[in-house]
Amino acid sequence: MDVITSNPALLANAEKFRPYVGRRVRTVVKVNRFEGGNLHCQAPDGPHIVVRQVPRNEEFTQFVEVIGVVEGDTALRAEICTNFGDRFDLEQFSKLCDMANGSYRDIFMLRRRGQDFLASNK
């Protein structure tokens, strides 16, 4: 099955950041504070991460979905931030990230001409 997309956002928790440096991911974080255009937050699997260059300066809810490019083990450069409200189960989302990058990868990863999208875009 061919999927037409130029830049997918893969599900990731902080544990998965290292292999995705330079790639676009999607995650949900718990906001600790917003300071100097950066969100300081808790990743779904617990570590502290920084979301840099947040595209808007407004009130954030406790949980925010971030789509952005991984810059390192604990940093993302934000493209899109969406408020997810004040009730969200980070633990379950982290398990979803693990499944999306593990035993259920074929369900979540995009395929192009029969190849794994990640393998074809390295």
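Residues numbered from 1 in each chain as written. Predicted model: local features only at pLDDT ≥ 70, side-chain atom pairs only at ≥ 80, totals over all residues. Heavy atoms only, no water.

Our working definition: UniProt positions are given in the numbering used here, feature names are shortened, and annotations may be inferred rather than shown by experiment.
Taking an unreviewed UniProt entry as the reference, the protein chain is identified by name as Replication factor A protein 3 belonging to Riccia fluitans. As stated in UniProt under Sequence similarities (unreviewed entry), the record for the protein chain gives "Belongs to the replication factor A protein 3 family." Note on the protein chain: under the UniProt heading Subcellular location (unreviewed entry), the record states "Nucleus".

### Regarding the overall build of the protein chain
As a reminder of what qualifies: Secondary structure follows DSSP: runs of H or I at least 4 residues long count as helices, runs of E at least 2 residues long count as strands, and numbering of each begins at the N terminus. Note on exposure labels: buried denotes an accessible area under 20% of the residue type's maximum, exposed denotes more than 50%, and partly exposed covers the range between, all computed with a 1.4 Å probe on protein chains only. Contact criterion: two residues are considered in contact whenever any of their non-hydrogen atoms come within 4.5 Å of each other. Method for areas: the Shrake-Rupley scheme with a 1.4 Å probe, in which residue coverage is limited to the protein chains shown.
Counting secondary structure elements, the protein chain contains 3 helices and 8 strands. Secondary structure elements of the protein chain, listed N to C terminal, follow the sequence β-β-β-β-β-β-α-α-β-β-α. The buried share of the protein chain, reckoned over its 122 residues, is 41%. Within the protein chain, contacts between residues separated by at least 24 positions form 55% of all contacts whose residues are at least 6 apart in sequence. Total accessible area on the protein chain is roughly 6900 Å²; 47% of this is exposed by carbon and sulfur atoms.

### A look at the pattern of salt bridges
Defined as follows: A pair is scored as a salt bridge if a Lys or Arg side-chain nitrogen falls within 4 Å of a carboxyl oxygen belonging to Asp or Glu.
Scanning the model with the defined rule gives 9 salt bridges in all. E79 is the partner of R24 in a salt bridge, and the nearest nitrogen-oxygen pair spans 2.5 Å. Separated by 55 residues along the polypeptide, R24 in strand β2 (residues 24–35) and E79 in strand β6 (residues 75–83) bring together distant segments of the chain. The class of R24 is buried, set by a relative accessible area of 19%. With relative accessibility at 32%, the residue E79 sits in the partly exposed group.

### A look at helix α1 (residues 90–100)
In plain terms, the rule: Arc, as used here, means the arc of the directions from the helix axis to the C-beta atoms.
Those residues of α1 lying buried are L90, F93, S94, C97 and A100. Seen from one end, α1 has its buried residues packed into an arc of 120 degrees, which puts them on one side. Buried-residue contacts for α1 involve β1 (10–11), β2, β3 (38–42), β5 (63–72) and α2 (105–108).

### Here we look at the nonpolar core
Just so we agree on the cut-off: Joining through side-chain atoms within 4.5 Å is the link that ties buried Ala, Val, Leu, Ile, Met, Phe, Trp, Tyr and Cys residues into a set, and such a set is a nonpolar core.
Counting 21 residues, the largest nonpolar core has L39, I49, V51, F60, V64, V66 and C81 as its most contacted members. Looking at this core, the elements that each hand over two or more residues are β2, β3, β4 (48–52), β5 and β6. Apart from residues no more than four positions distant in its own chain, I49 is found in contact with A14, F17, V29, L39, H40, C41, A43 and T74. Of all hydrophobic cores here, the second largest spans 7 residues; its members include L11, F63, L90 and F93.

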